[in-house]
Amino acid sequence: MTTTGPIKLLVAMLYALQPASRSLISPATDRLRFLPLHVAALVMLAACGLPGAPTQRAVEITQPVQAAQANVQPTQTSETQGAAAAGMITFTGTTSHHADDADGNGLFEYLRVDVEVSATQASTVGVTALLTTANGDLIAMGSLTPDANRSAPLTIADLTPGIQKLTIYFSGADIRALGAADPYTVSLELTDLAGSTIASTSFPVPAGEPQTFQGALVEIESIADQGISTDATPGFEQLRVTLNVKLLAATTVSLDGQVFGGDTALGTAEKTVQLAAGSQRLDLDFAGEALARSRIDGPYTVYLTVRDATYTSSTEHTTAAYRADDFQRR
């Protein structure tokens, strides 16, 4: 059964849905924007009847993976054979893959797949690449760039005459989040600018343990708040929000927060710290004077954004029911 129609429909719907995904992210959180696309992709796949800048260090995941990398022979569809008959763009059948650990922290940001293509003339093509589980569940859409903060995958490639390599990156965060065992399947389709299929192929990819891939390095375990007083004057000088976090690896962490009373913004705070792997505590202090002068009683809503070197996550916290008069008005 050919999957051309569903794949085109999937891509069209993903780009149509993309703006709606902004609710899960902040301006620097484009990486997380892919999560609702992931959900949309699963829905569309089901509807279509498919089974559910440091120097980079390339690291082979396991010995079996190394053996599997040499000239994996993809299974080509009738569409590929049609393209070959036309003599324009074909897959040579040579593929390889490895995991990339760009920051050298022992976790892999991407699964990189290289696919050899032969073209008889210069062409601009659309590239749709899907990574799925053995059961056909979607793990990730591939991109032609390793930029984790793109709002959508890069899927346009310029081919030159001759044999060349298409390099496709699949997010390690998505592989880790799904947690499915390998081997996975890469499904690849090339289209012209009108959307007509030129060639398509699929092949298995052993990838190792999902937990060896890197998602957000900062996992928020709990959030608490308290009023802070450092002098003898009655009232709190600060509203402190405390995050208990777990770091999967050492990294620089930026924490930003905004506190609201209803729809009214009452203050902002931010900090950047270098943290080691393991359990850590992050305190973010908001000026109590702004809360006092607002005359708005709590509970307050605090919107928090946590950034590591690669990924960004957002959450919110509702404080205790402070009164505005609980804070100092200087």
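Refer to the preceding data block for the structure.
Note that the coordinates shown come from a computational prediction; the quantities given were computed from them, not determined experimentally. Residue indices begin from 1 for each chain and proceed along its sequence in written order. Where totals are concerned, whole chains, interfaces and linings use all residues; where local detail is concerned, this predicted model gives features only for residues with pLDDT of at least 70, and gives and counts side-chain atom pairs only at 80 or more. In computing side-chain values, all of the structure's heavy atoms are included and hydrogens and water are not.

Student: Would you mind going over the pattern of salt bridges in detail, with residue names and values included?
Tutor: Here a salt bridge means any side-chain nitrogen of Lys or Arg lying within 4 Å of a carboxyl oxygen belonging to Asp or Glu. Within this structure, the stated rule accounts for six salt bridges. With a shortest N-O distance of 3.3 Å, Asp114 and Arg112 are connected by a salt bridge. Classification of Arg112 by relative accessible area gives buried; the value is 18%. Where Asp256 meets Arg307, a salt bridge forms, and the shortest distance between an N and an O atom there is 2.4 Å. Of this pair, Asp256 sits in strand S13 (residues 251–261) while Arg307 is found in strand S16 (residues 301–307), placing the two residues 51 residues apart along the sequence. The buried label applies to any residue whose accessible area, calculated with a 1.4 Å probe on protein chains only, is under 20% of its type's maximum; exposed applies above 50%, and partly exposed to all values in between. We count a stretch as a helix when DSSP gives it H or I for four or more residues in a row; a strand needs E for two or more, and each element gets its number in order from the N terminus.

Student: Please give an account of the environment of Ala216 that cites residues and values.
Tutor: Looking at the secondary structure, you find Ala216 in the loop between strand S10 (197–205) and strand S11 (218–228). Residue classification places Ala216 among the partly exposed residues on the basis of a relative accessible area of 28%. Counting along the chain gives 97 residues from Ala216 to Ser313, while the straight-line C-alpha distance between them is 7.4 Å. For this analysis, residues touch if any pair of their heavy atoms sits within 4.5 Å. Not counting chain neighbours up to four residues away, the residues in contact with Ala216 comprise Leu248, Asp308 and Tyr311.

Student: Can you lay out the sheet that holds S11 for me, pointing to particular residues and giving the numbers?
Tutor: For two strands to be treated as a pair, DSSP must find at least two bridges joining them. Taken together, the three strands give an open sheet; going across it, the order is S11-S12-S15, and neighbouring strands pair in antiparallel fashion. Edge strands, defined here as strands with exactly one partner in the open sheet, are S11 and strand S15 (278–287). Sheet twist, expressed as the average angle between the axes of neighbouring strands with direction ignored, equals 20°. Bridging between S11 and strand S12 (residues 238–247) involves ten bridges; their strand directions are antiparallel. By the bridge assignment for S12, Ile228 is matched with Gln238. Note on method: axes are straight lines fitted to C-alpha atoms, helices fitted across the in-contact stretch only, with angles between N-to-C directions ranging 0 to 180 degrees.

Student: Tell me about the nonpolar core, residues and numbers included.
Tutor: Counting residues in hydrophobic clusters, the biggest one holds 33 residues, and the most contacted among them are Ile89, Leu111, Val125, Val127, Leu131, Phe170 and Leu190. Counting only elements with at least two residues in this core, the list comes to strand S3 (89–100), strand S4 (110–119), strand S5 (123–132), strand S6 (138–141), strand S7 (156–159), strand S8 (162–171), strand S9 (184–191) and S10. The biggest single contributor to this core is S4, with five residues. With sequence-adjacent residues up to four places away left out, Leu111 is seen in contact with His97, His98, Leu131, Ile168, Tyr169, Phe170, Ile175, Val205, Ala207 and Phe213. Judged by nonpolar contacts, the second largest core, of 24 residues, contains Val218, Leu291, Tyr322 and Ala324. Only buried residues count toward a nonpolar core. Its members are Ala, Val, Leu, Ile, Met, Phe, Trp, Tyr and Cys residues joined through side-chain atoms within 4.5 Å.

Student: Report on unusual backbone geometry, specifying residues and quantitative values.
Tutor: A cis geometry characterises the amide bond from Asp182 onward to Pro183, with omega recorded as 5°. You can see Pro183 is positioned in the loop between helix H5 (172–178) and S9. Going from Gly298 to Pro299, the amide bond is cis rather than trans, its omega being 10°. Turning to its location among the elements, Pro299 is positioned in the loop between helix H6 (288–294) and S16. With phi around 60°, Arg295 is a residue other than glycine that occupies positive phi space. Judged by relative accessible area, which is 61%, Arg295 ranks as exposed.

Student: A description of the environment of Gly142 should follow, citing residues and the corresponding values.
Tutor: Position of Gly142 among the secondary structure elements: in the loop between S6 and S7. On the basis of relative accessible area, Gly142 is assigned to the buried category, the value being 4%. Expressed as a C-alpha distance, the spacing of Gly142 and Val113, which sit 29 residues apart in the sequence, is 9.2 Å. In this view, Gly142 contacts Ala129, Pro153, Thr155, Ile168, Tyr169 and Phe170; residues no more than four positions away in its chain are not counted.

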